[in-house]
Structures are given as structure tokens and as C-alpha cells.
Amino acid sequence: MIGLAISHYKILEKLGEGGMGVVFKAEDTKLKRIVALKFLPESVSSSGEELARFQQEAEAISALNHSNIATIYDVDEVEGKKFLALEFIPGGTLKSRIKKLKNEGREISIEEATDYIIQIAEGLGHAHRQQIIHRDIKSDNLMLTDEGKIKITDFGLAKLRGTSTLTKSGSTVGTLAYMAPEQMQGNDVDVRADMFSLGVVFFELLTGKMPFRGEHEAAIMYSVLNEEPQLITNVRPNVPTNLQQIIGKLLQKEPQCRYQSMRELLSDLRNSRQGNPKNSAEQKSIVVLPFENMSPDKENEYFSDGLTEEIISDLSKIQSLRVISRTSAMRLKGSTKDIKTIAQELNVRYVLEGSVRKSGQTLRITAQLIDGKSDANLWAEKYNGTLEDVFEIQENVSRAIVGALKVTLSSDEERRMEERPINNAQAYDLYLKARRELQRGMADSLERSIQLLNQGLAIVGENEILYAALGYVNISYFRWISKVDVNFLHRAREYAQKVFSLNPSSSHGYNLLGLIQMNEGDIVEAIRSMKMALVIEPTNTETLLWLAACYSYVGKNVDAMKAADALIVVDPLTPINIFIKGVVFAYRGDFSEALVWANRAFAMDTQSPLAIWSQAIVLVWCGKYDEAIVLIDELAWNFPAWVYTQHGLFLKHALRGEKHLALQYDTSDLALEAKYDMHFALHVSHCFTLIGEIEKALFFLEHSIRNGMLNYPFLSKYDPLLDNLRGDERFKKLMEQVRVLHEQLTV
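Remember, it's a predicted structure, so these values are computed and weren't measured experimentally.

1. A short note on the overall build of the chain
Within the chain, the secondary structure is distributed over 36 helices and 14 strands. What you see for the chain is a C-alpha radius of gyration of 29 Å, in line with the 27 Å of a compact globule of 747 residues. Considered along the principal axes of its C-alpha atoms, the chain spans approximately 95 × 65 × 45 Å. Within the span of the chain, comprising 747 residues, buried residues form 56% of the whole. In the chain, of all internal contacts separated by at least 6 residues, the share reaching a separation of at least 24 is 62%. Roughly 31,700 Å² of accessible area belongs to the chain as shown, and the carbon and sulfur atoms make up 49% of that amount.

2. Thoughts on empty space enclosed by the protein
Empty space among the atoms becomes visible once a probe the size of a water molecule is rolled across them. Following the criterion strictly, the structure yields two cavities of 30 Å³ or more and no others. As for the second largest cavity, its lining consists of Glu147, Lys149, Gly555, Asn557, Tyr587, Arg588, Asn711, Pro713, Phe714 and Tyr718. Looking at which element gives the most residues to the lining of the second largest cavity, the answer is helix α35 (residues 712-718), with three residues. Among the residues forming the lining of the second largest cavity, the class breakdown is four nonpolar, three polar and three charged.

3. Here we look at the pairing of strand β9 (residues 284-288)
Within β9, four of the five residues are buried, which leaves it mostly tucked inside the rest of the structure. With three bridges connecting them, β9 and strand β11 (residues 321-323) associate as parallel partners. Within β11, the residue paired with Ser285 across the bridge is Arg322. Direction of pairing for β9 relative to strand β12 (residues 350-359): parallel, over a ladder of three bridges.

4. Here's the deal with the layout of surface pockets
In this structure, the second largest pocket occupies an estimated 1,300 Å³ of space. Lining the second largest pocket are 29 residues, with Arg33, Ile34, Tyr73, Tyr712 and Ser716 positioned closest to its centre. Residue assignment for the lining of the second largest pocket shows that the elements contributing at least two residues are β4 (33-39), α35 and α36 (729-743). No other element matches the eight residues that α36 contributes to the lining of the second largest pocket. Per-class residue counts for the lining of the second largest pocket are eleven nonpolar, four polar and 14 charged.

5. A look at helix α33 (residues 678-690)
Think of an α-helix as turning once every 3.6 residues; residues three or four places apart then point the same way. End to end, α33 covers 19 Å across 13 residues, agreeing with the expected 18 Å (1.5 Å per residue, within 8%). The element α33 is extensively covered by neighbouring structure, given that twelve of its 13 residues are classed as buried. Of all the residues in α33, the buried ones are Met678, His679, Phe680, Ala681, Leu682, His683, Val684, Ser685, His686, Cys687, Phe688 and Thr689. With its phi angle positive at about 80°, Gly692 sits one or two positions after the end of α33.

6. A few points about the packing of helix α16 (residues 390-404) against helix α17 (residues 411-418)
With their axes 11 Å apart at the nearest point, α16 and α17 run at an angle of 150° to one another. With respect to their mutual orientation, α16 and α17 come out roughly antiparallel. Packed against α16, whose contacting residues are Glu395, Ser398, Arg399 and Val402, the element α17 presents Glu414, Met417 and Glu418 at the interface. Considering only residue class, the contact of α16 with α17 consists of two nonpolar, one polar and four charged.

7. Focus on the nonpolar core
Core analysis: the largest hydrophobic core is formed by 167 residues, its most contacted members being Val287, Leu352, Leu701 and Leu715. Residue contributions to this core peak at eleven residues, all from helix α20 (residues 464-481). Excluding residues within four positions of it along the chain, Leu701 makes contact with Leu682, Ser685, Leu715, Leu722, Leu725, Phe731, Leu734 and Met735. In terms of nonpolar packing, the next biggest core, distinct from the first, is built from 62 residues, Ile117, Ala177, Met195 and Val201 among them.

8. With respect to the confidence of the model for the chain
One rule of thumb: low pLDDT means the predicted coordinates there are not for detailed reading. Across the chain, pLDDT averages 86, with 93% of residues at or above 70. Confidence, expressed as mean pLDDT per element, reaches its minimum in the chain at helix α5 (residues 158-161) with 44 and its maximum at helix α31 (residues 659-662) with 96. Confidence over residues 158-174 falls short of pLDDT 50; this stretch has 26 contacts with residues more than four positions distant or in other chains. Note on residues 276-282: pLDDT is under 50 here. Beyond four places in sequence and across chains, it has twelve contacts.

9. What about the side chain of Ser398?
For Ser398, the location among the structural elements is in helix α16. Under the relative-accessibility criterion, Ser398 is labelled buried at 0%. Within the structure, Ser398 has its side chain in polar contact with the side chain of Asp314 (distance 3.0 Å). Once residues within four sequence positions are removed from consideration, Ser398 is found in contact with Ile311, Asp314, Leu315 and Met417.

10. A closer look at the environment of Leu619
With respect to the helices and strands, the residue Leu619 is situated in helix α28 (residues 609-621). Between the alpha carbons of Leu619 and Thr336 there is a distance of 33 Å; along the sequence they are 283 residues apart. Setting aside chain neighbours within four positions, we find Leu619 in contact with Leu595, Lys624, Glu627, Ala628 and Leu631.

11. Details of the environment of Val643
Among the structural elements, Val643 can be located in helix α30 (residues 643-655). The spacing of Val643 and Ser335 is 308 residues in sequence and 34 Å in space, taken between C-alpha atoms. Residues in contact with Val643, not counting those within four places in the same chain, are Lys483, Asp669, Leu670, Glu673 and Phe680.

Cut-offs applied
- Numbering of residues begins from 1 in every chain and follows the order in which that chain's sequence is written.
- Reporting of local features is limited, given that this is a predicted model, to residues whose pLDDT is at least 70; pairs of side-chain atoms are given and counted only at 80 or more, and all residues count toward the totals for whole chains, interfaces and linings.
- Working from all heavy atoms in the structure, the side-chain values ignore hydrogens and water.
- Starting at the N terminus, helices and strands are each numbered in turn, a helix being any DSSP run of H or I of at least four residues and a strand any DSSP run of E of at least two.
- Radius of gyration: over C-alpha atoms. The globule rule applied is 2.2 Å multiplied by the number of residues raised to the 0.38 power.
- Burial status follows relative accessibility: with a 1.4 Å probe on protein chains alone, a residue under 20% of its type maximum counts as buried, one over 50% as exposed, and anything between as partly exposed.
- Whether two residues touch is decided by their heavy atoms; if any such pair falls within 4.5 Å, the residues are in contact.
- The Shrake-Rupley method, run with a 1.4 Å probe, gives the accessible areas here. Residue values count only the displayed protein chains as cover.
- Here a cavity means grid points, on a 1 Å grid over the protein atoms only, where a 1.4 Å probe fits yet cannot get out; a pocket means an open set of points with protein on both sides within 12 Å along at least five of seven lines; lining residues are those with an atom within 4 Å of a point.
- Grid points are joined across faces, edges and corners, and a volume is the space filled by probe spheres set on the points.
- Residue polarity follows a fixed list, in which Ala, Val, Leu, Ile, Met, Phe, Trp, Tyr, Cys and Pro are nonpolar, Asp, Glu, Lys and Arg are charged, and the others, Gly among them, are polar.
- The criterion for strand pairing is that DSSP finds at least two bridges linking the strands in question.
- To estimate the expected span of a helix, subtract one from its residue number and multiply by 1.5 Å.
- To get an axis, fit a line to the C-alpha atoms, keeping to the stretch in contact for a helix; angles then go from 0 to 180 degrees between the N-to-C directions.
- Angles are sorted into four bins: roughly parallel if under 35 degrees, roughly antiparallel if over 145, roughly perpendicular if 65 to 115, and oblique for all others.
- As used in this record, nonpolar core signifies buried Ala, Val, Leu, Ile, Met, Phe, Trp, Tyr and Cys residues forming a set joined through side-chain atoms within 4.5 Å.
- Each residue carries a pLDDT score, the predictor's own confidence in it, on a scale running from 0 to 100.
- Residues adjacent in sequence count toward polar contacts only when both atoms are side-chain atoms; beyond that, a polar contact is any pair of N or O atoms within 3.5 Å, and within protein one must be able to donate a hydrogen and the other to accept it.

Structure (C-alpha cells):
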């Protein structure tokens with residue numbers, strides 16, 4: 001067969017053979033693409049009834065349109081042999097990945113396995129809503145692309161196989177091991193049969209073994225029908241309790257005891273990912289509420305906030321303690337929620353609250369540790385002193401919490417808790433004020449931040465944290481104030497070099513360097529720098545945020561999702577963190593799921609112009625143009641001069657086909673904003689694509705790619721706003737360049 005032409009397909013190589021026929025890799029000579037050809041076995045091809053049923057199934061399945069379902073391109077017949085032309089997926093099956101890791105003595109991480117199951121459930125959920133049941137979910141029918149995306153294959157073909165005849169073929173035994181009891185008994189099945197099979201796959205992913213085992217078909221059937229699955233913790237003890245419960249529910253004998261829909265399952269899976277990365281019974285967890293400012297001068301709030309943040313920083317150095325991040329904790333300032341509610345919503349056991357009274361150089365600090373489950377007060381203390389005593393008081397509070405929680409510190413954790421980034425109390429006070437000004441983000445506040453940081457340097461001399469803060473100020477100037485004056489990036493890099501000269505292993509230095517590289521368009525190096533920052537400080541929320549974004553931009557979807565999930569675990573109340581999860585879904589082509597997370601983030605912050613613009617973009621990707629235009633009009637009313645508003649108005653008229661109105665927003669401001677921002681350049685390309693300005697669309701798309709947008713699957717296939725470019729030969733050549741760059745990525 002190799003080298004033969006079958007219809008308009010040229011056979012290139014044999015990929016595999018199983019119970020449902022032979023699969024070849026082939027070239028579609030008409031459309032110039034690689035496909036997989038599946039030739040059906042004689043038992044199907046020779047039966048009129050089987051062929052009619054197959055044709056009906058193929059037509060239904062070809063109508064499915066989901067990024068986690070392999071596409072059927074064609075159904076054809078040559079010399080009495082029926083075959084399917086399918087999407088070619090080069091990455092291999094989940095079965096082969098499990099086997100490869102097992103041979104290497106490794107296992108799939110819990111986070112990665114959960115991500116795969118979520119993707120499979122999303123694809124199956126789409127099919128179930130179209131009244132299509134798979135009936136043969138197994139790791140051999142789940143393909144894995146090079147980007148970590150699952151593609152479900154062989155939809156509906158199990159219907160042809162039936163269950164009445166058992167053979168000794170390995171493929172049949174494999175299928176039996178995944179089959180639901182009611183299907184094995186020949187009863188009618190519904191979506192819950194796919195649930196059972198998915199539970200088997202989940203168990204297999206996590207352990208490399210099957211929950212029901214036997215040496216032959218009869219033994220496997222007996223085990224599935226009569227025996228309880230083996231305990232997953234007997235094979236892999238570190239599987240979290242919530243995932244054990246999910247798998248147990250999937251593998252229930254009676255269909256009514258399983259999940260009743262993929263939507264229900266997905267809800268539990270996503271909730272499990274927002275919980276502890278370890279078994280919640282094993283890992284202690286805490287939130288430090290913002291210390292209340294009791295000072296006569298309300299301007300001293302920067303000090304109480306700073307104390308809160310430093311205690312959070314201290315506790316975050318303890319590996320066995322999960323600490324809610326500074327940004328989420330600060331969103332609870334002034335909250336009227338009771339302690340139990342806060343603990344429950346954040347999925348933490350312990351809550352620290354306190355107050356600060358600062359009058360001149362005099363300090364009075366109170367703190368108490370509360371069990372969020374029982375509301376019991378575990379420890380409380382009052383501290384009196386002066387500003388010079390602030391470091392000692394801060395350390396005493398942190399160590400008192402360690403003692404109350406009975407946490408044992410390693411020697412490295414002891415050393416890190418004793419470190420004081422700024423040893424001078426006056427310089428520390430200036431640093432806290434400067435950080436407050438940096439967070440405000442306006443030109444005048446950034447200038448005040450620089451002045452305060454330089455005053456601190458004048459007191460203590462060279463200092464890692466003060467230099468890093470000056471680097472962050474310059475990046476803020478570059479991104480939001482300067483209209484992309486690269487001199488600010490050069491200054492930021494100088495400060496990064498000063499940080500490394502003082503501490504070659506500075507997480508601040510690597511994070512700062514990563515942000516510089518990202519803004520320079522060097523996404524690969526940015527990812528490497530941010531990964532180094534996380535090795536040193538695994539819960540740095542800013543690093544996790546931008547790492548998730550950068551991984552998405554280059555199509556590393558599994559890594560992007562890991563970073564996004566880790567971010568939400570420690571910082572669940574910051575809207576942009578919730579939104580970045582939506583970005584990860586969007587850039588892997590799952591727009592409906594992206595909208596779920598975007599809606600959740602938008603509900604947390606409906607006033608931010610960036611939140612409004614971002615929500616509009618996701619709505620457009622989902623085809624909800626009218627809803628998006630309402631938000632764009634809101635931006636135009638409240639923030640008319642903002643460059644993102646100008647883009648929004650460009651997009652609005654482009655969506656409506658109002659070319660002459662759209663081109664009014666083709667301005668130098670848009671071009672300047674796109675110059676160093678691959679994300680924004682892509683969105684400008686969308687606008688020109690929609691109105692048929694192909695030259696300009698390709699110009700901005702090329703600009704986006706040069707600055708690091710290397711997500712080949714998204715650009716070449718999933719982004720609906722680029723559809724008008726896909727027939728253009730220049731676009732095809734550009735995509736071929738992106739494909740090569742994408743495949744060469746080594747981050």
C-alpha cells in the first residue's frame with residue numbers, strides 16, 4: 001500500500017492495525033495536508049446493514065466541532081473498501097505515553113493527568129449534547145498532540161463492534177477492561193457508560209495500571225461486574241482525597257450512582273484543581289488577613305499593609321504550609337465576612353488577623369491565630385515597641401504561628417525566615433511607601449516611588465530589593481506610561497544586573513529579567529527566566545501569572561494550565577488570575593470554557609477598563625458580538641482616549657462590516673501599542689482581517705509572531721477571527737514558518 005494513490009490520497013506509511021481496521025498516514029493531494037486513513041475491516045465493509053449504520057454514524061460524528069475531538073474530513077470507498085479520512089495527530093496515544101513513562105520509571109503528574117481528563121470530559125460533553133455516545137473510551141483512542149491537547153478518536157465505532165463475540169485479541173481485552181458493566185451485559189447504554197470508561201482511563205493515567213484486572217476475558221468481565229476496583233492509594237498513595245472520590249464515583253457499578261453528566265463531572269474536577277495541590281488532610285493552610293490600621297494618621301495604612309505582606313512572605317517560605325497570597329489577602333480588607341466563611345471560601349484551615357497602631361516611632365501590634373473550622377482562638381499576643389523593633393516583632397509573629405501550627409522547619413527554611421531584605425527600619429519604611437506608590441500605577445505615583453526608593457538606597461547602600469523595585473517601576477513606565485519608550489526597558493535591565501550582582505540566585509532578579517524579555521518579544525528566554533524564579537520561590541504569583549500567559553502564547557498548553565492552576569491555589573481572589581485561566585483555554589481553542597472563566601473574573605471586577613476590554617475579546621471569540629459591542633460602547637463612554645478603547649471601536653465596526661468607520665481607528669497610537677505587545681498586535685490583525693485589509697492584517701500578524709506569538713495550532717486553526725486569511729498563500733507560508741518555530745521550542 002505504501003506509495004499507492006487511493007482516490008486523491010497518497011499513502012505514506014502504516015500507522016497501526018486493530019479490531020476496526022488498518023490506519024495509514026497519507027497526503028491529501030487536493031488540499032495539501034496530511035491525514036490519517038482508516039480502512040474498515042471486511043466484516044463491516046461486506047455487510048449492507050453494518051455499512052448503513054456506519055454511514056449514519058460517520059455523518060453524525062463529522063458534524064461534531066470541538067478542539068478535543070479528532071475531525072472526520074471524508075468518508076469514501078475504493079474497490080469495495082470503505083475508509084475514513086481523519087485529522088492526522090502526530091503525538092501518539094495516551095496509552096503509548098503511559099507505557100513510555102512506565103518504562104523510564106516515571107509517572108504522569110497528578111496535575112497533568114487531571115488536565116487530560118478535563119479535556120476528554122469537555123470533548124465528550126460536547127458529543128453528548130449532540131446525542132452521540134462514544135462507547136469505546138480507552139487510552140488507545142485518546143491521541144495526544146505535541147502541544148499537550150487531547151484528541152478523542154473512533155467516535156461511535158464501538159457501536160459496530162458489539163459485545164456478543166469475545167476473542168483473544170489484545171485489542172478486545174483492552175476494550176473490555178474499560179467497558180461499563182451495563183455495556184458488557186449487552187444492555188442499552190447512555191452517557192454514563194462513557195463516564196465509567198473515563199474513570200478507568202483516569203485510574204490508568206495516575207497509576208499505569210487498570211482498576212479491574214484479569215488474565216483473560218472471562219476474568220476481566222467477572223472483575224468489572226462483581227468486584228470493587230482496587231484502591232488507587234494502594235498503587236499511588238499521594239493521590240488527593242478529592243480525586244479518589246471522583247474516580248470512585250465514575251467507577252460505580254450502577255449507572256445511577258455515577259455522574260449523570262459531563263458538566264457535573266467537570267465541576268468537581270475544576271473544584272479539585274482549585275484546592276490544595278496536596279491532600280488537604282496533609283497540608284496546613286492559612287490566610288493572613290490585612291492588619292487593621294488603628295493609627296491616628298490614616299496615611300499609615302501603608303505600614304499595616306506592609307506588615308501583613310511581610311508576614312505572608314515569611315510564612316510562604318515554609319514548604320509544608322499553603323499560604324494565600326498577598327493580593328488575594330488584601331482583597332479581604334474591610335470585609336464583613338466571618339472567619340468561618342473566609343476560611344471555607346479560601347479552602348484554608350487557619351486565619352491570622354491583627355491590628356497596627358503607629359504613632360511617630362511608636363508601635364503597638366496585636367495578632368491572633370484562629371482555627372477557621374472551629375472558630376477557636378489558638379494563639380494571641382500584643383507587642384509594644386518602636387519602629388526599630390519592627391523586624392523583631394514581625395519575626396516573633398511568624399515564629400509564633402509556626403509554633404502554634406506545630407510546623408517543623410528545615411535548616412534552609414530557618415535561614416530564609418531569618419533573612420531581612422532591608423535591615424534598616426527607616427529604609428524599610430521608605431520601601432513600603434514606594435511599593436504603595438508603584439501599585440497606584442500613575443505617572444506621578446511612579447515618580448514618587450523612584451524618589452522614595454532612591455532615598456532608601458541612600459541610607460542602606462546597594463540593596464537587592466530596592467534595586468528590584470526600581471526595575472519594576474521602569475517596566476510599569478514602559479508598559480503603561482511611556483508609549484513604549486525602550487529606554488525604560490534598558491534601565492530595568494540595568495537594575496536586574498545590579499540585583500544579580502548582589503544575589504545571583506535572586507527570584508526577584510529572574511522575575512524582573514523574565515518581564516523584560518517578555519516585553520522585548522523574547523518569549524522563550526522569558527519562560528526560562530520565570531521558571532528559574534519559580535525554582536527559588538515556587539509561589540511567586542506574578543511569576544506564575546506571566547508564565548501561564550507566556551506558555552499560552554507559544555502553545556504549551558499543559559504547562560500553561562499547570563501555572564494557572566498553581567496561581568489560583570495561592571491567589572484565588574485576584575480577578576486577573578481567574579481571567580488568565582480563561583486565556584489558557586482560549587489559546588488552546590476552548591472558547592466556551594474560556595468564557596466561563598472570563599465571566600467569573602469579570603464578576604469580580606466590572607469597573608476595570610482592562611477587565612471590560614478583555615471580556616469583550618472573549619465574547620467576540622465565542623461569536624457573541626452583540627454582547628461584546630455593549631462592553632465596547634461602555635469603554636467608549638467612560639475611557640474614550642484609551643488606546644484599548646480605540647481598538648475596541650475598530651473591532652466593533654469591523655465586526656459589523658463597516659469598513660469606512662473601522663478605518664478611522666487605524667491610528668499611529670494603535671501601531672505604537674502593537675509594536676512591543678504580541679497580544680495587542682494579534683488583536684489589531686483581527687480588525688484588518690475582518691474588513692478584508694489583508695496586507696495590513698498580515699503585517700500585524702507577522703509583528704505578533706516576531707514578538708513571540710508562536711502558538712501554531714491557535715493561529716493556523718482555532719482563531720476564528722483569522723478565518724479570512726487562511727486561504728491566502730502568504731498566510732500559509734507564514735504558518736509553515738510558525739509551525740517550524742513552534743516544533744523547535746525547548747522550554
